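# Report on the structure
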Amino acid sequence: MITIVDYGTGNLASIANMLKRIGCASVITSDASEIARASKLILPGVGAFDTGMRNLINLSLTEVLNRKAREERVPILGICLGMQLFVSGSEEGDLPGLGWIDGRVLKFKPELSDKNLKIPHMSWNHIDVVKTSKLFAGMHEDPRFYFVHSYHIQLNRNEDLLGETTYGYPFCSALEKENIAGVQFHPEKSHKFGMKLLKNFAEMY
């Protein structure tokens with residue numbers, strides 16, 4: 001059973017539906033007591049950093065999430081905005097993030113590229129996996145994933161980097177630190193590649 005955290009952002013049903021297709025039961029909830037009983041978590045999300053953090057705070061979910069991730073060390077997967085909330089903060093807003101990962105969220109900077117970058121980055125793209133991880137174990141050949149975002153994470157610790165993608169310049173598209181993993185792309189929109197990634201998280205973490 002995977003617990004999908006509902007904090008008012010994103011299409012959670014599409015994640016639950018893909019988990020169902022791979023034979024994995026899930027529950028969507030914003031109830032702190034139910035999250036407290038979780039053995040595995042997904043923190044999805046789309047939209048603005050401060051909106052996401054404010055919703056977590058207003059729902060009284062930051063304490064239970066901190067306990068699950070830092071003390072109990074249950075596996076947790078962040079998707080898109082969910083992954084961005086793992087770091088200390090974002091130049092998009094003023095609120096601090098969860099602070100589980102040493103890094104910060106930055107806006108794409110077209111001036112750093114010699115290409116005419118369109119923001120948001122909204123397309124299929126490849127990922128260069130830079131270290132061994134259960135998340136990408138046995139992945140299909142030539143994996144590609146669907147991205148929709150205007151901001152990306154800049155990590156302060158190279159050892160937390162799991163995957164890079166190039167859009168004008170390389171950026172962190174996947175991270176992993178012990179029980180905490182995150183992806184900037186949308187596995188629930190990435191067909192067989194996303195299905196394999198979610199299956200790995202469900203079965204191997």
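What you see is a predicted model, and the numbers here were worked out from it, not measured in a lab.

## Digging into the packing of aromatic side chains
Two aromatic rings are characterised by how far apart their centres lie and by the angle between their planes. Applying the stated criterion across every chain yields a total of 11 aromatic pairs. Aromatic side chains Phe-86 and Trp-100 sit 5.1 Å apart centroid to centroid with 35° between the ring planes, which places their arrangement in the tilted category. Of this pair, Phe-86 sits in the loop between helix H5 (81-84) and strand S5 (89-90) while Trp-100 sits in the loop between S5 and strand S6 (103-107), and the two are 14 residues apart along the sequence. Residue classification places Trp-100 among the buried positions, given a relative accessible area of 4%. Summarising the aromatic geometry, the rings of Phe-145 and Phe-185 are spaced 4.1 Å apart at their centres and angled 20° between planes, so their arrangement reads as stacked. Pair noted here: Phe-145 is in strand S9 (residues 144-149) and Phe-185 is in the loop between strand S13 (180-183) and helix H6 (191-204), with a separation of 40 residues, a long-range link. By the burial criterion, Phe-145 is buried, and Phe-185 matches it. These aromatic residues form a ring-pair network of at least three members: Phe-108, Phe-136, Phe-145, Phe-147, Tyr-167, Tyr-169, Phe-171, Phe-185 and Phe-193. Of note, Lys-40 hangs over the ring of Phe-201, and the distance from its end group to the ring centre comes to 5.6 Å.

## Comments concerning helix H4 (residues 62-71)
What H4 keeps buried is the set Val-64, Leu-65, Lys-68 and Ala-69. The buried residues of H4 all sit within an arc of 120° when viewed along its axis, so they share a single face. Residues of H4 that are exposed and point more than 90 degrees away from the buried face comprise Glu-63 and Glu-71. Buried residues along H4 sit in contact with strand S1 (2-5), helix H2 (32-36), strand S3 (41-43), helix H3 (49-58), strand S4 (76-79) and S13. Remark: Arg-73 follows H4 within two positions and exhibits a positive phi of approximately 55°.

## A word on the environment of Gly-82
Residue placement: Gly-82 occurs in helix H5. Measuring from C-alpha to C-alpha, the distance between Gly-82 and Tyr-167 comes to 20 Å, with 85 residues separating the pair along the chain. Dropping the residues within four chain positions of it, Gly-82 is found in contact with Tyr-7, Leu-43, Pro-44 and Gly-45.

The rules behind these values
- Residues numbered from 1 in each chain as written.
- Predicted model: local features only at pLDDT ≥ 70, side-chain atom pairs only at ≥ 80, totals over all residues.
- Heavy atoms only, no water.
- Phe/Tyr/Trp six-rings, centres within 6.5 Å; stacked < 30°, edge-to-face > 60°.
- Helix = DSSP H or I, 4+ residues; strand = E, 2+ residues; numbered from the N terminus.
- Buried < 20%, exposed > 50% of the residue type's maximum accessible area, 1.4 Å probe, protein only.
- Lys NZ or Arg CZ within 6 Å of the ring centre and 35° of its normal.
- Arc of directions from axis to C-beta.
- Contact = heavy atoms within 4.5 Å.

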